[in-house]
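Here is how the chains run, residue by residue.
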Amino acid sequence: MEEAVPAGAAFFVFGAGCRGHLAHVRPRVCSSPVRKEFSVAAMLSVNEVAALADAPRSVVEKALEQRIFSATRSGTRAERMLPIRSVALAATFRSLGRRLTIADKLQMSRHVETVRLDAMRECRIEIAPALTVDVGALASDAVDRALRYAEARDAYIERVDGVMGGRPVLKGTRITASSVLGRIEAGDTIDDLLDDYPDVPREAFEAAYLYAATHPSVGRPARERGAA
């Protein structure tokens, strides 16, 4: 079962995002062509999208319910997976809330699909005459976090039959992602882990922490963003 999003997990390891605005400015619709790149193919779980966007999971679930997001099923657990671009939209929806209609969200989704991820910082979308959503201000930092996380996750985390019961581990080790999360929750830092395992890069521990936080073990629900 997919659980709620842990509070602040992405910010702990990948840095704080910026807050944007809904601006009355001269319209400039982003329309950069899609470029084939690693990040286009990378997929994220519902919890990962919410954590990286610094949004409640309900924002992502609502977009799925409204068919603004389209998920694919992956893995033995048939986990719902979304493209990295969903992080940009979730961050924008979180910031603007009820000010966006379903039609607005669908229009934004269509435009974001045409934008290179590395050009997201310049993205502005006209949703009404003289009314533009500055997606770059609202979501570019979240997309940057998502790109760094997805690359590190795919490079350093794996499941291997016969190793630690098939739980996610750091590649080439018996260090489970859940043990990294446990140590940090107990008060250790990434630097403490680097001291204990000098051959493991920082990015591996950061990815393991966020992966475990967004993929809690059965019976151990993650905390919803903003929960006490």
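Here is a short report on the structure shown in this document.

Criteria and cut-off values
Residues numbered from 1 in each chain as written. Predicted model: local features only at pLDDT ≥ 70, side-chain atom pairs only at ≥ 80, totals over all residues. Heavy atoms only, no water. Helix = DSSP H or I, 4+ residues; strand = E, 2+ residues; numbered from the N terminus. Buried < 20%, exposed > 50% of the residue type's maximum accessible area, 1.4 Å probe, protein only. Areas by Shrake-Rupley, 256 points an atom, 1.4 Å probe, with all protein chains shown as cover. Salt bridge = Lys/Arg side-chain N within 4 Å of Asp/Glu carboxyl O. Pairing = 2+ DSSP bridges. Polar contact = N/O pair within 3.5 Å; in protein donor to acceptor, adjacent residues only side chain to side chain. Axes fitted to C-alpha atoms, helices over the stretch in contact; angles between N-to-C directions. Left-handed = near helix turned anticlockwise from the far one by under 90°. Contact = heavy atoms within 4.5 Å.

Looking now at the overall build of the protein chain. Looking only at helices and strands, one finds 10 helices and 8 strands in the protein chain. Split into buried and exposed, the 228 residues of the protein chain put 48% on the buried side. For the protein chain, the exposed surface amounts to about 11200 Å²; the carbon and sulfur share of it is 51%.

Another point: the pattern of salt bridges. Considering all chains together, one arrives at 12 salt bridges under this definition. When the shortest N-O distance is used, the salt bridge between Asp 144 and Arg 121 registers 2.9 Å. Of this pair, Asp 144 sits in helix H7 (residues 135-156) while Arg 121 is found in the loop between helix H6 (102-112) and strand E5 (125-128), placing the two residues 23 residues apart along the sequence. Here Asp 144 falls in the partly exposed class, since its relative accessible area comes to 29%. Residue Arg 153 pairs with Asp 154 through a salt bridge whose shortest N-O separation is 2.9 Å.

Attention shifts here to the environment of Val 160. Within the secondary structure, Val 160 is located in the loop between strand E7 (157-158) and strand E8 (169-170). Val 160 sits in the partly exposed class, given a relative accessible area of 28%. Considered as a pair, Val 160 and Lys 171 are 11 residues apart in the sequence and their alpha carbons are 9.0 Å apart.

A separate point is the pairing of strand E4 (residues 79-83). Judged by how many residues are buried, E4 sits mostly within the fold: 4 of 5 residues are covered. With 3 bridges joining them, strand E2 (residues 43-45) and E4 adopt antiparallel strand pairing. If you follow Ser 45 over to E4, its bridge partner there is Met 81.

Among the structural elements, Asn 47 can be located in helix H3 (residues 46-52). For Asn 47, a relative accessible area of 3% puts it in the buried group. Reaching out from Asn 47, the side chain makes a polar contact with the side chain of Arg 57 at a distance of 3.1 Å. Among the polar contacts made by the side chain of Asn 47, one reaches the main-chain carbonyl oxygen of Thr 214 at a distance of 3.1 Å.

A few words on the packing of helix H5 (residues 85-96) against H6. At a minimum axis distance of 10 Å, the contact between H5 and H6 shows a crossing angle of 145 degrees. At the point where H5 passes H6, the crossing takes the right-handed sense. Of H6, the residues touching H5 (which contributes Arg 85, Leu 89, Thr 92 and Phe 93) are Lys 105, Met 108, Ser 109 and Val 112.

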